[in-house]
Amino acid sequence: MEWAGGKTRCHWVSPDDPRYIKYHDEEWGVPVHEDRKLFEMLILEGFQAGLSWVCILKKREAFSRAFDGFDVQKISAYDADKLAALQDDPGIVRNRLKIQAAVTNARVFRQIQQEWGSFDRYLWHWTDGQTVCEVGHVSSPLSDSISKDLKKRGMKFVGTVIIYSYLQAVGVINSHEPDCFLRTHPC
């Protein structure tokens with residue numbers, strides 16, 4: 001579908017939601033190499049499970065506030081009082097298991113950083129630093145392998161479908177549709 005301004009976007013982008021358009025145009029599929037951003041997206045993708053991404057985008061600022069700007073070190077040290085406060089925060093998704101998973105995942109994320117020097121190095125080693133281009137999938141052998149490894153390390157809410165969405169979000173997988181104006185970047 002061609003939009004105002006002559007740009008064609010992926011079919012899933014709502015033309016009525018500027019936040020969603022901005023996310024599609026400026027973030028989704030763009031390779032990320034900064035650990036803080038990689039962690040933010042991992043947390044948000046975990047909270048998205050069973051919900052729409054637009055729901056998470058609408059709550060993104062509240063998530064950032066509630067989770068200390070996605071500071072992995074601070075989150076890995078959260079105690080029972082902080083977990084209870086998060087469950088009472090109406091600005092975020094107040095799922096107890098997802099909140100606990102964010103803390104668990106922060107601890108594992110830090111272990112991976114220590115082992116690999118950065119989470120970026122760990123994540124991108126799966127593709128030798130290259131972006132994979134594919135459209136129309138919800139999982140792949142790549143997401144299967146990363147999901148399996150993260151689960152083995154102790155992460156939660158990192159099933160293959162969540163990890164596939166994560167890989168798309170951080171640009172390891174570029175899934176812009178063939179007619180999308182962003183498809184040529186970097187495929």
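Located above this text is the structure these notes cover.
Undergrad: Outline the overall build of the chain, listing residues and values.
TA: Counting secondary structure elements, the chain contains nine helices and two strands. Shown N-terminal to C-terminal, the secondary structure of the chain runs as helices and strands in the order α-α-α-α-α-α-α-β-α-α-β. Over its C-alpha trace the chain gives a radius of gyration of 17 Å, about what one expects of a compact globule, namely 16 Å for 187 residues. Taking all 187 residues of the chain together, 49% fall into the buried category. A separation of at least 24 residues holds for 63% of the contacts in the chain among residues at least 6 apart in sequence. On the chain, roughly 9,200 Å² of surface is accessible, and the fraction owed to carbon and sulfur atoms is 50%. Considering the chain, the positive charge centre built from 24 side chains and the negative charge centre built from 25 side chains are found 5 Å apart.

Undergrad: Kindly report on helix α2 (residues 35-48), identifying the contributing residues and their values.
TA: The end-to-end C-alpha separation of α2 is 20 Å, in line with the 20 Å expected for 14 residues at 1.5 Å each. Buried residues dominate α2, accounting for 13 of its 14 residues. Backbone geometry just after α2 places Gly-50 at a positive phi near 85 degrees.

Undergrad: Report on the nonpolar core, specifying residues and quantitative values.
TA: Counting 55 residues, the largest nonpolar core has Phe-67 and Leu-123 as its most contacted members. Sequence-distant contacts of Phe-67, that is, excluding residues within four places in its chain, are made with Phe-47, Ile-75, Tyr-78, Leu-86, Ile-92 and Ala-102.

Undergrad: Run through the environment of Gly-129, naming residues and quoting values.
TA: Its location among the elements puts Gly-129 in the loop between α7 (119-125) and β1 (132-133). A C-alpha to C-alpha distance of 15 Å links Gly-129 and Asp-35, two positions 94 residues apart in sequence.

Undergrad: Explain the pattern of salt bridges to me, and be specific about the residues and the numbers.
TA: Per the counting criterion, the structure on display carries 10 salt bridges. Between Arg-153 and Glu-115 there is a salt bridge whose closest N-O contact spans 2.7 Å. Here the residue Arg-153 occupies a position in helix α8 (residues 141-153), and Glu-115 occupies one in helix α6 (residues 96-116), the gap between them amounting to 38 residues. By relative accessible area, which is 51% here, Glu-115 ends up exposed. Across the salt bridge formed by Arg-153 and Asp-149, the nearest N and O atoms sit 2.8 Å from each other. Note that Arg-153 and Asp-149 are positioned in helix α8 at a spacing of four residues, about one turn of the helix. The buried category is assigned to Asp-149, whose relative accessible area is 14%. Through salt bridges that share partners, Glu-27, Arg-36, Lys-37, Glu-40 and Arg-60 make up one connected network.

Analysis parameters
Residues numbered from 1 in each chain as written. Predicted model: local features only at pLDDT ≥ 70, side-chain atom pairs only at ≥ 80, totals over all residues. Heavy atoms only, no water. Helix = DSSP H or I, 4+ residues; strand = E, 2+ residues; numbered from the N terminus. Rg over C-alpha atoms; globule rule 2.2 N^0.38 Å. Buried < 20%, exposed > 50% of the residue type's maximum accessible area, 1.4 Å probe, protein only. Contact = heavy atoms within 4.5 Å. Areas by Shrake-Rupley, 256 points an atom, 1.4 Å probe, with all protein chains shown as cover. Lys, Arg positive; Asp, Glu negative; His and termini not counted. Charge placed at Lys NZ, Arg CZ, Asp CG, Glu CD. Expected span 1.5 Å × (residues − 1). Core = buried A, V, L, I, M, F, W, Y, C linked by side-chain atoms within 4.5 Å. Salt bridge = Lys/Arg side-chain N within 4 Å of Asp/Glu carboxyl O.

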